[in-house]
Amino acid sequence: MSDPSLFASPLVRQAARNLHRLEVLTANPIWTDMSCRWYFWRTRRMMARTPDETAAWLPALAFAVSCEKDASVLAELARQPLPEPLPPEALPWRDRLIQSWEQYRPDTAWEKTIHLAALVRLDRRAERLPEWLREARRALDFGGYDRHLRLAALAGWRPRPGDGPPHGDRAKAAQAWVRFWEKLYQHPGSQPDGLFAAAALLHLAKAGWLPSGPSPERLREEFRQRVQQWRVSDLERSVLRMLLASVPADASAPERGRQDIKAWLELTRKDVDWKKREAVWGMLAAWQREGVLERSGRGRLPEPPLLLPDLARTLEWEGNDDVLLAMAGYIPGAAEVRAHPEAARAVVARWEALSRDGGWEFHLAAWVGRWNLMRDGVLTAEEQGRFAADYVEAIGSEDNLELLALAQITPPGTFPLATWAGRLSDLSDQNDRCRLAAQMAIHDWLVEVMERANGEWEGRPAGRPYEQRVASSDLPLAARQYGQFPELPLRLAITRRQMRQALRRAGQEGAGNRPVAPFVNLPPEVWPDFRRLREIETALAAGQMPPPPDAGKGKRKRMGHLATLARLPEAQPRIDPTNRTGRATSSEFTTRPSSLETIRHE
């Protein structure tokens, strides 16, 4: 029986890489800092991704939910995007994500609300309505803030595409669900209650579940007016974000959609509470992304879009970093850029300025915004050149959580391995977050280089397994040390020739066909474990989740394997023995002391 990973699709391979990356991060001690995890996922959510790239994060999300204990990070995990429709290969991964949320045991009212919000969003079957109805009725007995949180989470439920009103045994529960929200809409116990009810009924009306109730247009208008009138407290900021994140764009008619967008833009003005500005920009950015994520075109904004000029004007004065991060998630399309070229250039220039000035929170938002514009093809050649130069400068000087965003960005041109390796090995840098970001960036780049070397340069036909084998004498020392594998599959090893080609193509080779010195001085923790990567890939290709990574002795043995992988004979690091600082002189590069497991020449 053939190995499923040998025929794995690009989606499965990307999902395996994402899950392996998260396992590597989880093994890093600094990952216990919840701020690292929260900003990682928050940045991940705001970055541009195709539908397949979004679906490829589902196994990693399931793993993250199963490991996470912090409520703030769980709330961010519950907000991660989900493409519709899902590729068939990703359906088991969504089921595993639902299972991870089902197995989570909340302790507080806030954790229970996060738990419900995730399940309501992921599992849209009408069979679960009796459970959601019990929770909604129970929420009416809570106090103000807890009541609002719970109702906002449950109001986000919407039927699956194509699901009409249920019949038979399920019809009773569905009718009770509709009556609950209609009663709350007509007789709200507080001002936000009517807002929650309008949102819930809007979802039902769009699905055709309210034949005699208010129209979607009326509900949409009332919902927006209630948001405008609501005085949101600091505690209720999360309630507003949760509620607006569930409201879809009006795609019923282009003119009506334009009017709806213009009305919402009134809530992004300077005199509006920043909490509303943040929530509205997050909603507008999500609407724009729906045109990319939803392949069938549902929820696509009317053409030509209207947001780019407003985005440019708002960026000139907006000074709240949370609002800026929400704005960074807005990615103008090609039609929008063609319609408003001056506004597009103004947005690019403002994000560039914010990435250089201000605090690290501004830098983080600006780099997300710049990356999204580059991914969408908005940047000119000159702007891409400034992007690459600013990126190298930033990764060499930034020292806070914005580095987690930079580590997830692929700059144009040559990968700055030397600069990232410097952040990894500089002993004067006491910030563990910097080393975490450097580890992530280098690890991802090495996976890319080695995967390309293994998959492309042996003439493997598309769709064929790559079980090509090579002579043991042509393999690096790492491969030859496997006594139980006299002929190692090419999937798990890189020949010297291939590595030279990989470095040359990646722009990381020095004069005389010698790789740059930092490459051979990388510590073992940045080197991918291709055994584990293939194990993950095999499981995902078979529609399963992989077994947990090895622990204890097995893990130490695997890390020893990673250390030998780095012993490439092409470059001998040249270190000045009199240099007590441990820094390389002139053009030479820093090596790590033996206490940090320096990888030396073979």
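Residues numbered from 1 in each chain as written. Predicted model: local features only at pLDDT ≥ 70, side-chain atom pairs only at ≥ 80, totals over all residues. Heavy atoms only, no water.

## Focus: the overall build of the chain
In plain terms, the rule: To qualify as a helix, a DSSP run of H or I must reach at least 4 residues; to qualify as a strand, a run of E must reach at least 2; elements of each kind are numbered from the N terminus. Buried means the residue's accessible area, taken with a 1.4 Å probe over protein chains only, is under 20% of the maximum for its type, while exposed means over 50%, and partly exposed covers the values in between. Pairs of residues are marked as contacts when any of their non-hydrogen atoms sit within 4.5 Å. Methods summary: accessible areas were calculated by the Shrake-Rupley approach with a probe of 1.4 Å, and residue burial reflects only the protein chains presented.
Broken down by element type, the chain carries 29 helices and two strands. A burial count over the chain gives 56% of its 602 residues as buried. Across the chain, the fraction of contacts at a sequence separation of at least 24, relative to all contacts at a separation of at least 6, is 74%. Accessible surface computed for the chain: about 25,500 Å², of which carbon and sulfur atoms make up 50%.

## Regarding the side chain of Glu352
Note that Glu352 resides in helix H19 (residues 341–356). For Glu352, a relative accessible area of 6% gives the class buried. Those residues in contact with Glu352 that lie beyond four places of it in its chain are Arg370, Glu383 and Arg386.

## Quick look at the pattern of salt bridges
Going by this rule: The rule for a salt bridge is simple: a side-chain nitrogen of Lys or Arg has to be within 4 Å of a carboxyl oxygen of Asp or Glu.
A full pass over the atoms with the stated rule returns 40 salt bridges. Between Glu68 and Arg37 there is a salt bridge, with its nearest N and O atoms 2.8 Å apart. With a gap of 31 residues between them, Glu68 in the loop between helix H4 (58–67) and helix H5 (71–78) and Arg37 in helix H2 (residues 34–46) connect regions that are remote in the sequence. For the pair shown, Glu68 and Arg37 are each scored as buried. Two residues, Glu135 and Arg138, come together in a salt bridge whose shortest N-O distance is 3.1 Å. Here Glu135 and its partner Arg138 are both found in helix H8 (residues 129–139), three residues apart, which amounts to about one turn of the helix. For Arg138, a relative accessible area of 40% puts it in the partly exposed group. When salt bridges with common partners are traced through the structure, they connect Arg42, Arg237, Arg241, Glu278 and Asp322 into a single cluster.

## Regarding the environment of Ser66
Structurally, Ser66 is set in helix H4. The exposure class of Ser66 is partly exposed, given its relative accessible area of 41%.

## Brief notes about the packing of aromatic side chains
Note on aromatic pairs: each is described by the distance of the centres and the angle between the planes. Formally: Centres within 6.5 Å make a pair out of two Phe, Tyr or Trp rings, where for Trp the six-membered ring is used; the pair is then stacked when the planes are under 30 degrees apart, edge-to-face when over 60, and tilted otherwise. Charge-over-ring placement is defined geometrically: NZ (Lys) or CZ (Arg) within 6 Å of the ring centre, and within 35 degrees of the ring normal.
The final tally for this structure, using the stated rule, is 16 aromatic pairs. Judged by centre distance (6.5 Å) and plane angle (85°), the rings of Phe196 and Trp230 are edge-to-face. In this pair, Phe196 is assigned in helix H11 (residues 191–206) and Trp230 in the loop between helix H12 (216–229) and helix H13 (237–245), connecting sequence segments 34 residues apart. For the residue pair Phe196 and Trp230, the accessibility class agrees, reading buried in each case. Taken together, the ring pairs in this structure connect Trp157, Trp177, Phe180, Trp181 and Trp209 into an aromatic cluster. Above the face of the Trp367 ring, Arg370 is positioned so that its terminal group lies 4.6 Å from the ring centre.

## Brief notes about H13
Burial analysis of H13 places eight of its nine residues in the buried class, which makes it a mostly covered element. Looking at H13, one finds that the buried residues are Arg237, Ser238, Val239, Leu240, Arg241, Met242, Leu243 and Leu244.

## So, unusual backbone geometry
Here the bond from Glu84 into Pro85 is cis, since omega is -5°, no more than 30 degrees from zero. Looking at the secondary structure, you find Pro85 in the loop between H5 and helix H6 (91–103).

## Observations concerning the environment of Arg370
Definition in use: N or O atoms closer than or at 3.5 Å make up a polar contact, with two conditions inside protein: a donor-capable atom paired with an acceptor-capable one, and, for residues adjacent in sequence, both atoms drawn from side chains.
By the element assignment, Arg370 lies in helix H20 (residues 360–375). For Arg370, a relative accessible area of 3% puts it in the buried group. Spatially, the C-alpha atoms of Arg370 and Ala328 are 8.0 Å apart, while their sequence positions differ by 42 residues. When sequence neighbours within four positions are dropped, the list of residues in contact with Arg370 reads Trp351, Glu352, Ser355, Leu379, Arg386, Phe387 and Asp390. A polar contact is formed between the side chain of Arg370 and the side chain of Asp390, at a distance of 3.2 Å.

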